[in-house]
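Observations on the model geometry
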Amino acid sequence: MPRLVVVSNRIADPRKTAAGGLAVALAEVLNNTGGMWFGWSGKVIEPSAGGKAGEGEVHTQQAGAVKLVTVDLAREDYDAYYVGYSNGVLWPVFHYRLDLADFDAGYIGGYRRVNQLFARKLAPLLQPDDVIWVHDYHLIPLAAELRALGCQQRIGYFLHIPLPPPLILAAIPGHDWLVRGLCSYDLVGFQSEADHQHFCRYIQSEAGAQDVGGGRWRVFNRTVHAGAYPIGIDVDEFAAVTQAPEAREMYERMRREYSRRKLLVGVDRLDYSKGLPHRLKAFRELLQKYPETHKSATLIQIASPSREDVSAYSDILHELESLCGSINGNFGELDWMPVRYMHRTVARARLPGLYRASRVALVTPLRDGMNLVAKEFVAAQDPEDPGVLVLSRFAGAAEQLKEALLVNPYDKEGTAGAIQVALQMPLEERRQRHQALLANCKRFDVHWWCDTFLDTLRTAQAEESGTPWLRL
Ligand SMILES: O=P(O)(O)OC[C@H]1O[C@H](O[C@H]2O[C@H](CO)[C@@H](O)[C@H](O)[C@H]2O)[C@H](O)[C@@H](O)[C@@H]1O
Ligand SMILES: O=c1ccn([C@@H]2O[C@H](COP(=O)(O)OP(=O)(O)O)[C@@H](O)[C@H]2O)c(=O)[nH]1
């Protein structure tokens, strides 16, 4: 069996839990397959400590069956590659937020430099029959950089965030360079069929790609495979965590504390794409329109700190704090606060208990690649008395989880109405919806995602051996 080499910006010790869907999913994959996980160490070297752009120190550590190899980044590189280009240009545009993108700051040089650095550090560690799987928007040009160093291995790529329609993508100066980078991979995977279709339309309209069947495209003088591979969770592992002491203790505590109320839960990174202010406004609308919810409904909102170096993230923090304060100020009573807001990361081991004690989950991003919290909520429920998932139609998960109550998060009244339906839903309907949702999460779990992607990658390369590599 060829060795699996996973490359992503953020990596985590697969034996421990992490916040952030990508790290959680890849840890689960690598725990099963073994192999190497290569990425950023999380360490930034300041200029006073020799942190000028250039070579980053490499660290190697064995974590069970997985070899973790990480690279430090110089401050200048981190600022341009991670804060600047990845999270200040690509993240907003790929989430349809052209208004938040900073195109003028010249971050692209640092983005390219770090991709070249990763390629230089990774190439000597590769074995000829390795299968390389690169993840996410931080590393779009990596395959082309590896090819330039002579790497002949199969290289697949998975985009964890949405891919916008061609005319939004085309607003990025250098979009053609980025898409040529994507087309240097043997297989490009997307979270949803909508994202996949956006890619197909872009390469046809902007690069004259020809559909050669079987998910393959002839473009830039080579053949690239593309498809939708929605990511899942390890449902069995999550069910087991739900029964573990930490989750049970949380469940019992929540049930005791909220025995007279129905609990609503939101668990998100504090990110403008997650639609948190829109969610709170819909919750306020619920309290205004349905007075019977007073004292009977409490929303617990966890907002895990994220990317605090990017200015758009601190703006949303203030907006959220002010909304929570005004809702509690206007509706709260001595013995009831409508919103409990926490700006903190909650250990993943405790989340299943919280999910299971909640009658309703609010997963209402304005855009989201997938959203694993939606699937975790489903997996944690008691099938005999399950909670209801209120899900944004703009999350990748909505293509699969059709038995959720699908909402448009921009529609405050509509979302408030759906929350009220969720709170009132009869047991039999809750059971039926949950059964269908759980079946979907089980069928398309993280193992399905990994196996299907890697099987296609193996076939893709075998069919196309001999196609020329792309140089950027
Ligand atoms: O690494 P950070 O900058 O702290 O951000 C955390 C991760 O956020 C994004 O996650 C995405 O991947 C999830 C799993 O596929 C998906 O469910 C979610 O919709 C996406 O937003 C990002 O894409 C990752 O690279 C980050 O590590
Ligand atoms: O306080 C928190 C917030 C989130 N998470 C985990 O982080 C992941 C978030 O993944 P998702 O796909 O929903 O969104 P992302 O943050 O990757 O955009 C899920 O596994 C959550 O259980 C966590 O462990 N603690």
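Not measured: the values here are computed from a predicted model.

Looking at the overall build of the protein
- Within the protein one finds 16 helices and 16 strands.
- Here the C-alpha atoms of the protein give a radius of gyration of 23 Å, agreeing with the 23 Å that 2.2 N^0.38 yields for 472 residues.
- Once the C-alpha set of the protein is aligned to its principal axes, its extents read approximately 65 × 45 × 45 Å.
- Burial statistics for the protein: of 472 residues in total, 48% are counted as buried.
- Residue pairs in contact within the protein that sit at least 24 positions apart in sequence constitute 77% of those at least 6 positions apart.

What to know about the domain arrangement of the protein
- Assigned domains within the protein: domain 1 (4–232 + 447–464) and domain 2 (235–443).
- Taken together, the contacts link 23 residues of domain 1 with 22 residues of domain 2.
- Broken down by secondary-structure element, the contributors of at least two residues to the side of domain 1 that touches domain 2 are helix 1 (21–33), helix 2 (75–94) and helix 7 (193–207).
- Class assignment for the residues of the side of domain 1 that touches domain 2 results in 11 nonpolar, 10 polar and two charged.

Some thoughts on the sheet that holds strand 15 (residues 388–392)
- As summarised here, the arrangement of the six strands in space is 13-12-11-14-15-16, forming an open sheet in which the pairing is parallel. In this open sheet, the two strands that pair with only one neighbour each are strand 13 (339–342) and strand 16 (405–407). Taking the axes of each pair of neighbouring strands and ignoring which way they run, one obtains an average angle of 20° across the sheet.
- In the sheet, strand 11 (residues 262–269) pairs with strand 12 (residues 297–304) via eight bridges, with the strands oriented parallel. The residue of strand 12 that forms the bridge with L263 is T298.

Looking at the nonpolar core
- Counting 145 residues, the largest nonpolar core has V7, A374, L389, V390 and L391 as its most contacted members.
- If one sorts the elements of this core by residue count, helix 2 sits on top with 10 residues.
- In terms of domain composition, this core takes at least three residues from each of domain 1 (4–232 + 447–464) and domain 2 (235–443).
- When residues no more than four places from it in sequence are discounted, the contact partners of V7 are F38, G39, F118, L122, I132, V134, H135, L139 and L142.

Here's the deal with the environment of L169
- As for its position among the elements, L169 is in helix 5 (residues 166–169).
- Classification of L169 by C-beta neighbours within 10 Å gives buried; the count is 20.
- Once the C-alpha coordinates of L169 and V179 are considered, the two residues, 10 residues apart in sequence, prove to be 9.5 Å apart.
- For L169, the residues in contact, after removing those within four places along its chain, are P164, H175 and Y202.

With respect to the packing of helix 8 (residues 235–243) against helix 13 (residues 372–380)
- Orientation of helix 8 relative to helix 13, taken along the N-to-C sense of each, is 60°, at an axis distance of 9 Å. With respect to their mutual orientation, helix 8 and helix 13 come out oblique. In this structure, the crossing between helix 8 and helix 13 has a hand that is right-handed. The residues of helix 13 that touch helix 8, namely those facing V235, F238, A239 and T242, are E376, A379 and A380.
- A breakdown of the residues in the contact of helix 8 with helix 13 according to their chemical character gives five nonpolar, one polar and one charged.

A look at unusual backbone geometry
- The backbone phi angle of Y96 is positive, close to 70°, even though this residue is not glycine.
- One can find Y96 in the loop between helix 2 and helix 3 (108–122).
- Phi at N221 takes a positive value of approximately 65°, unusual for a residue other than glycine.
- Exposure remark for N221: the 10 C-beta atoms within 10 Å place this residue in the exposed category.

What to know about helix 8
- Looking only at helix 8, the buried set comprises V235, F238, V241 and T242. Down the axis of helix 8, the buried set is contained in an arc of 120°. They therefore lie on one face. Structural note: helix 8 exposes D236, A240 and Q243 on the side pointing more than 90 degrees away from its buried face.

What to know about the sheet that holds strand 3 (residues 58–63)
- The strand order 3-4-2-1-5-6-7-10-9-8 describes an open sheet built from 10 strands, whose pairing is mixed. Where the open sheet ends on each side, the last strands, each with one partner, are strand 3 and strand 8 (210–213). The average undirected angle you get between the axes of adjacent strands in this sheet is 25°.
- Two strands pair when backbone bridges link them, and strand 2 (residues 35–45) and strand 4 (residues 66–74) are joined in this way by eight bridges, in the parallel orientation. Across the sheet, the residue bridging to V44 is L73, located in strand 4.

Describing the confidence of the model for the protein
- Residues of the protein with pLDDT of at least 70 account for 95%, and the chain-wide mean is 93.
- The least confident element of the protein is helix 1, whose mean pLDDT is 81; the most confident is strand 15, at 99.

The rules behind these values
Residues numbered from 1 in each chain as written. Chains lettered and ligands numbered in written order. Predicted model: local features only at pLDDT ≥ 70, side-chain atom pairs only at ≥ 80, totals over all residues. Helix = DSSP H or I, 4+ residues; strand = E, 2+ residues; numbered from the N terminus. Rg over C-alpha atoms; globule rule 2.2 N^0.38 Å. Buried ≥ 20, exposed ≤ 12 C-beta atoms within 10 Å, placed from the backbone. Contact = placed C-beta atoms within 7 Å. Domains from an automatic or database assignment. Nonpolar A, V, L, I, M, F, W, Y, C, P; charged D, E, K, R; others polar. Pairing = 2+ DSSP bridges. Axes fitted to C-alpha atoms, helices over the stretch in contact; angles between N-to-C directions. Core = buried A, V, L, I, M, F, W, Y, C linked by C-beta atoms within 7 Å. Parallel < 35°, antiparallel > 145°, perpendicular 65-115°, else oblique. Left-handed = near helix turned anticlockwise from the far one by under 90°. Arc of directions from axis to C-beta. pLDDT = per-residue confidence, 0-100.

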